[in-house]
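# Descriptive structure summary
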Amino acid sequence: MTIQFNYDGVSGSERLENYTKEKLQTIFERYDWVTRADVFFKTENTSSDQTGMISQIRLSAPGPRLFAEESQDNFEEGISKVITQLKTQCEKRKATIVKH
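To keep things clear, this report deals only with the structure shown in the data block. (Residues numbered from 1 in each chain as written. Predicted model: local features only at pLDDT ≥ 70, side-chain atom pairs only at ≥ 80, totals over all residues. Heavy atoms only, no water.)

Tracing the backbone shows I54 in strand β3 (residues 53-60). Along the backbone, I54 and T88 are 34 residues apart, and their C-alpha atoms lie at a distance of 20 Å. With residues near it in sequence (within four places) discarded, I54 still touches F40, F41, K42, E44, E69, E70, S71 and F75. (Helix = DSSP H or I, 4+ residues; strand = E, 2+ residues; numbered from the N terminus. Contact = heavy atoms within 4.5 Å.)

Okay, the sheet that holds β3 next. Reading across the sheet, the 4 strands line up as β1-β2-β3-β4 and stay open at both edges, with mixed pairing between neighbours. The open sheet has two edge strands, β1 (2-8) and β4 (66-72), and neither has a second partner. Recorded for the sheet is a direction-independent mean angle of 15° between the axes of neighbouring strands. Summarising the sheet, β3 and β4 pair through 7 bridges and their orientation is antiparallel. From the neighbouring strand, S55 faces β4, where its bridge partner is E70. Across the sheet, helix α1 (residues 14-30) touches β1, β2 (36-43) and β3, and the angle it forms with β1 is around 140°. Lying on the sheet, helix α2 (residues 75-96) is in contact with β2, β3 and β4; it crosses β4 at an angle near 155°. (Pairing = 2+ DSSP bridges. Axes fitted to C-alpha atoms, helices over the stretch in contact; angles between N-to-C directions.)

For the structure on display, the rule yields 4 salt bridges. The salt bridge partner of R15 is E76, with a shortest N-O separation of 2.6 Å. Remark: E76 occurs in helix α2 and R15 occurs in helix α1; sequence separation between them is 61 residues. Look at R15 and you get exposed, because its relative accessible area is 57%. Here R58 and D38 are joined by a salt bridge, their closest N and O atoms 3.1 Å apart. Taken together, the positions of R58 in strand β3 and D38 in strand β2 put the pair 20 residues apart, joining distant regions of the chain. The partly exposed category is assigned to R58, whose relative accessible area is 28%. Salt bridges sharing partners connect three or more residues here, namely R36, D38 and R58. (Salt bridge = Lys/Arg side-chain N within 4 Å of Asp/Glu carboxyl O. Buried < 20%, exposed > 50% of the residue type's maximum accessible area, 1.4 Å probe, protein only.)

Now for the pairing of β4. Among the 7 residues of β4, 5 are classified as buried, and the element is accordingly described as predominantly covered. The hairpin formed by β3 and β4 contains 5 residues between the paired strands, and G63 there has a positive phi angle of roughly 90°.

With that settled, the discussion passes to α2. Counted at 1.5 Å a residue, the expected span for α2 with its 22 residues is 32 Å, and the 31 Å between its end C-alpha atoms agrees. Burial in α2 covers these residues: F75, E76, G78, I79, V82, I83, L86, C90 and R93. With its buried residues spanning 130° around the axis, α2 presents them on a single face. Facing away from the buried side of α2, by more than 90 degrees, are the exposed residues K92 and A95. A distance of 3.3 Å separates the backbone nitrogen of E76 from a side-chain oxygen at the start of α2, and that oxygen is part of N74. (Expected span 1.5 Å × (residues − 1). Arc of directions from axis to C-beta. Polar contact = N/O pair within 3.5 Å; in protein donor to acceptor, adjacent residues only side chain to side chain.)

Geometric descriptors of this kind do not, in isolation, establish any biological role.
Here you go:
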C-alpha cells in the first residue's frame, strides 16, 4: 500500500495524514487489488462557508483509475465522504473483475 499526499495552497498536517491513512486502510484491507492512493488537499475561494476545502483521492487499481472529490468546510469531513464514494466504486469494480 502506497499513499502519496499532495498539498496545493495548504500546509501539510501529520494529523490529517494519519486520519486519511486510517480511513484508507479499510479500502486497502478489503480490496487487495488496490495498490496505491494519491491524496490531494487544496483550497478554493468560495462565497459559501460550507465549501472551499477540496479533498480528492485517486486509487490505482486494475482498469481505469478510481477517483472521488468533495468540497466541504473541513478536510476531515471531505475525506469521509470521498472514502464513502470510493467504497461504492470499488464494489462496482469488484463485480467486474474476473478471477482465474
